[in-house]
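Fold and geometry: a report
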Amino acid sequence: MNKNEDYMEIDLVRLFGALWRKAWAIILAGLLFGAIAFGYTKFMVTPLYKARTLMYVNNNSISVGETKVNISSGDLSAAKSLVNTYMVILNTRTTLEDVIERAGLGYSYEQLKGMIGCSSVNSTEIFYVEVTNPNPKEAEIIANTIGQVLPEKIAAVVEGSSVRIVDYAVEPSHKASPNLTKNIAMGILLGMVLACGVIVLLEIRDDKIHNSDYLIQRYDIPVLAVIPDLTSRKQNYGGYYSGDYHMSTGNQGGMKRG
């Protein structure tokens, strides 16, 4: 830290060196978090399945109350607006309670509403109703029941409307979520990123002087003398304490050259 300026100089080479030395820890953290993600996804997350029914909005002139809307195949904004209107009708309590009664379901209105999604297909007059459910067969039944109930409800509210089924829902054979591979990859990535962050933080906060080279490179201060650690053979200051010397364990005592 410079005494005259309030900033910290970060040595990127030093940080990369620390990351390289601790690469084993980064890999281990990634594997650990990947294993946690695998276990959580495999045993804790309930698989969900999606069934979809396609419907077609007839492009005739219709009226909602006193408002008239002309829909043509080229009027994409009107198609989107109409789909939004049908979505509101679909999510009403009377519509969904009718679906629950016809399909013989044990869900409440709020539970069923949370399973249903609706949107236009590429901003056309075709829209889909998608049901997400832990039971694939039940998802198919709900989607097809909506396909039977919704046109009746729409005809009773929107004068002159016409909704037809383009494609009925089928029982999904593959789960829509969770994605095991994606979750494992995200777990590994998260573990490695966290490990890198911890290593960088510890390296930045480390203000210890580990060797004379650190003083020269960091502060450009010449080293006049060093006090060797005679209890460790890891240091070698100009050959003062080299492997050629060792303590004698014989009766003669003293230091002798090996």
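Calculation criteria
Residues numbered from 1 in each chain as written. Predicted model: local features only at pLDDT ≥ 70, side-chain atom pairs only at ≥ 80, totals over all residues. Heavy atoms only, no water. Phe/Tyr/Trp six-rings, centres within 6.5 Å; stacked < 30°, edge-to-face > 60°. Helix = DSSP H or I, 4+ residues; strand = E, 2+ residues; numbered from the N terminus. Buried < 20%, exposed > 50% of the residue type's maximum accessible area, 1.4 Å probe, protein only. Lys NZ or Arg CZ within 6 Å of the ring centre and 35° of its normal. Axes fitted to C-alpha atoms, helices over the stretch in contact; angles between N-to-C directions. Parallel < 35°, antiparallel > 145°, perpendicular 65-115°, else oblique. Left-handed = near helix turned anticlockwise from the far one by under 90°. Contact = heavy atoms within 4.5 Å. Expected span 1.5 Å × (residues − 1). Polar contact = N/O pair within 3.5 Å; in protein donor to acceptor, adjacent residues only side chain to side chain. pLDDT = per-residue confidence, 0-100. Pairing = 2+ DSSP bridges.

Observations concerning the packing of aromatic side chains
Applying the stated criterion to the full structure yields one aromatic pair. Taken together, a centroid distance of 5.9 Å and an interplanar angle of 55 degrees make the contact between Tyr86 and Phe127 tilted. With Tyr86 in helix α3 (residues 76-90) and Phe127 in strand β5 (residues 126-133), this pair connects stretches of sequence that are 41 residues apart. Take Tyr86 and Phe127: they sit in the same class, and that class is buried. Of note, Arg52 hangs over the ring of Tyr128, and the distance from its end group to the ring centre comes to 3.8 Å.

Notes on the packing of helix α4 (residues 93-103) against helix α6 (residues 136-157)
Where α4 meets α6, the closest approach of the two axes is 9 Å, and the angle between their N-to-C directions is 130 degrees. By the angle class used here, α4 and α6 are oblique. Every pair of crossing elements has a handedness; the one defined by α4 and α6 is right-handed. For the pair α4 and α6, contact is made by Thr94, Thr95, Asp98, Val99, Arg102 and Ala103 and by Ile141, Ile142, Thr145, Ile146, Gln148, Val149, Glu152 and Lys153, respectively.

A closer look at unusual backbone geometry
For the bond from Ser177 to Pro178, the omega torsion is 0 degrees, close enough to zero to count as cis. Inspection of the secondary structure puts Pro178 in the loop between β6 (163-167) and α7 (180-205).

Some remarks on α7
In an α-helix there are 3.6 residues to a turn, and that puts residues three or four apart on one side. Relative to the 38 Å expected for 26 residues at 1.5 Å per residue, α7 spans 38 Å between its end C-alpha atoms, a close match to the ideal helical length. The set of residues buried in α7 consists of Gly187, Gly191, Ala195, Ile199 and Glu203. Where α7 is buried, its residues touch α1 (12-21) and α2 (23-43). For α7, the N-terminal cap is Asn179; the gap from its side-chain oxygen to the backbone nitrogen of Thr181 is 3.3 Å.

Quick look at the environment of Glu125
With respect to the secondary-structure elements, Glu125 resides in the loop between β4 (116-120) and β5. Along the chain, Glu125 and Leu82 lie 43 residues apart, while their C-alpha atoms are 8.5 Å from each other.

Focus on the confidence of the model for the protein chain
Overall, the prediction assigns the protein chain a mean pLDDT of 78, with 66% of residues at 70 or greater. Averaged pLDDT values for the elements of the protein chain fall to 41 in strand β8 (residues 255-257) and rise to 95 in α2. Low pLDDT (under 50) marks residues 1-7, which in the prediction has five contacts with non-local residues, meaning those over four places away or in another chain. Contacts of residues 240-258 to residues separated by more than four positions or lying in other chains number 26 contacts, the stretch itself having pLDDT below 50.

Considerations on the sheet that holds strand β1 (residues 49-57)
Overall, antiparallel pairing links the four strands, which are arranged β4-β5-β1-β6 in an open sheet. Of all the strands in the sheet, the pair left with one neighbour each is β4 and β6. Looking at each pair of strands side by side, their axes are set apart by 30 degrees on average, direction ignored. Contacting β1, β4, β5 and β6, α6 crosses the sheet at an angle of about 20 degrees to β1.

Quick look at the side chain of Asn133
Its location among the elements puts Asn133 in strand β5. What makes Asn133 buried here is its relative accessible area of 1%. In this structure the side chain of Asn133 is engaged in a polar contact, spanning 3.4 Å, whose partner is the side chain of Glu138. Among residues more than four places away in sequence, those in contact with Asn133 are Leu48, Tyr49, Tyr107, Met115, Glu138, Ala139 and Ile142.

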